[in-house]
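# Observations on the three-dimensional arrangement
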Amino acid sequence: MSPASTGASTAMDAAAPVPASDTPDSRMAPGGPGYRRMSFALFLSGVATFALLYSTQALLPLISDGFGVSASDASWTVAAATGGLALFVIPMSALSERFGRRTVMTASLAVAVTVGLLVPFAPSLGVLVVLRAVQGAALAGLPASAQAYLAEEVRPKALVTAIGLFVAGNSVGGMSGRVITGWVAQEWGWRVAVGVIGLVAVGCAVAFRLLLPAPHHFKAGSLHPRRLLGTFRDHLANPLLRRLYAIGALFMTVFGGVYTVIGYRLTEEPFSLPQGIVGSIFLVYLVGTVSASTAGRLVGRLGRRGALYLGGGTTAAGLLLSLADSLPLVLLGLVLITAGFFAGHAVASSAVSRTAAHGRAQASALYQSAYYIGSSAGSTVGALAFHANGWAGTVGVGLLAILGVVTLTVLGTVAARRQIPAHAH
């Protein structure tokens with residue numbers, strides 16, 4: 001998602017530099033030919049990607065009732081999709097180097113929307129989980145290719161704006177997918193709701209393919225497994241990168257667990273909210289858009305580790321507030337959890353690019369993979385904890401994950417001080 005969609009904020013950091021032989025003026029810029037078409041096309045791809053990826057999250061109580069399964073079983077419809085994306089984002093990034101960014105993005109969306117039209121007809125939970133896993137694997141081609149396309153086709157000074165529009169699409173898709181399904185499901189059930197999202201995604205995918213300009217600066221490369229494996233090995237051997245990958249995964253464990261289970265908490269006593277209102281809770285994502293956008297200023301004032309401490313502390317405070325049986329306090333808790341998560345994710349993901357000395361696309365792909373593994377783990381473990389101990393169990397899982405974030409950040413602080421020469425003190 002993006003800072004606003006749990007996964008896309010690494011796009012700009014992962015962008016590969018354009019070869020010096022390319023003429024800068026030949027690339028797209030605001031007001032120039034093709035720029036608006038390109039921006040709108042990638043905005044729509046972000047909407048489709050994250051609307052599909054999280055389409056069942058707000059519907060889990062209804063899926064549980066429909067198949068007669070527990071919350072932990074139903075949560076696999078979310079975990080399978082994010083897990084599929086986590087497993088395939090690295091191979092998809094390699095395929096885009098060989099076959100082209102637009103080709104991989106188009107194929108990914110085509111497969112994902114086709115599966116999306118089959119999801120409403122799943123006869124059992126097992127079939128639904130398999131379809132969602134295939135859908136997540138297909139969607140991995142979008143974050144793996146979009147950042148490279150923008151880096152190659154957009155002038156450097158316009159790149160931040162272009163990435164921002166793509167991130168906005170991720171945010172809108174992730175939020176609207178949950179809100180729309182909540183209200184539609186309230187009237188016509190979860191199958192109709194995911195069918196509506198599938199049709200919306202088909203429209204976005206068709207418009208994307210028609211609008212996205214053909215690439216002019218892509219240069220196909222050959223796949224060298226040894227070289228790729230060497231790059232990944234270098235990144236994984238870097239202690240700081242390993243900590244950042246783990247921090248991203250742990251933050252997403254909290255977020256995935258909370259938003260997978262929150263629907264059950266709010267539809268049960270003492271709240272008993274209708275499905276449409278529960279779906280609208282995801283409008284809280286707008287808070288994440290703001291907190292992610294201010295992460296740079298936080299780092300400027302507090303430093304990277306200080307910003308991570310603040311993000312972790314804010315998330316922990318939100319978790320504790322959400323234990324109250326008061327709806328205003330629960331909502332305030334969700335605001336703090338969302339703000340802290342997106343700030344922490346933005347800080348960690350941007351630090352990955354600054355830390356990687358080479359192979360930034362691969363470093364970013366590893367972060368995205370860890371991030372979505374955290375999402376899958378949070379969805380599953382958070383639901384299991386809720387089934388065993390109610391909302392307090394889910395909060396306990398989240399607090400343990402935040403303790404991990406703080407511990408890793410402390411280790412980073414200690415490691416940084418050891419590297420400072422004695423005379424510098």
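Look up: the structure comes first, before these words.
An account of the accompanying structure is given in this report. These numbers come from a predicted model, not from an experiment.

### Here's the deal with the overall build of the protein chain
Counting secondary structure elements, the protein chain contains 18 helices and zero strands. Counting the 425 residues in the protein chain, one finds 57% classified as buried. The contacts of the protein chain with a sequence gap of at least 6 include a subset with a gap of at least 24, amounting to 84%. Here the protein chain has roughly 16600 Å² of accessible surface; of this, 67% comes from carbon and sulfur atoms.

### Describing a nonpolar patch on the surface
Taken together, Val111, Val130 and Val134 make up a surface patch of nonpolar side chains, about 230 Å² in accessible area. Looking at where Val130 falls in the secondary structure, it is placed in helix α7 (residues 125–139). Looking at Val130, the relative accessible area reads 51%, which means it is exposed.

### Quick notes on the side chain of Arg265
In this structure, Arg265 sits in helix α12 (residues 239–267). A polar contact is formed between the side chain of Arg265 and the backbone oxygen of Ser322, at a distance of 3.0 Å. Contacts of Arg265, omitting those with residues within four sequence positions, involve Phe271, Ser322, Leu323, Ala324, Asp325, Val330, Phe386 and Trp391.

### Details of the environment of Ile197
Tracing the chain through its elements places Ile197 in helix α10 (residues 190–211). The class of Ile197 is buried, set by a relative accessible area of 3%. Measuring from C-alpha to C-alpha, the distance between Ile197 and Val113 comes to 9.3 Å, with 84 residues separating the pair along the chain. What Ile197 contacts, discounting residues up to four positions off in sequence, is Ala51, Leu52, Ser55, Gly177, Ile180 and Thr181.

Basis of the calculations
- Residues numbered from 1 in each chain as written.
- Predicted model: local features only at pLDDT ≥ 70, side-chain atom pairs only at ≥ 80, totals over all residues.
- Heavy atoms only, no water.
- Helix = DSSP H or I, 4+ residues; strand = E, 2+ residues; numbered from the N terminus.
- Buried < 20%, exposed > 50% of the residue type's maximum accessible area, 1.4 Å probe, protein only.
- Contact = heavy atoms within 4.5 Å.
- Areas by Shrake-Rupley, 256 points an atom, 1.4 Å probe, with all protein chains shown as cover.
- Patch = residues over 30% accessible without salt bridge, like charges linked within 9 Å, V, L, I, M, F, W, Y side chains within 5 Å.
- Salt bridge = Lys/Arg side-chain N within 4 Å of Asp/Glu carboxyl O.
- Polar contact = N/O pair within 3.5 Å; in protein donor to acceptor, adjacent residues only side chain to side chain.

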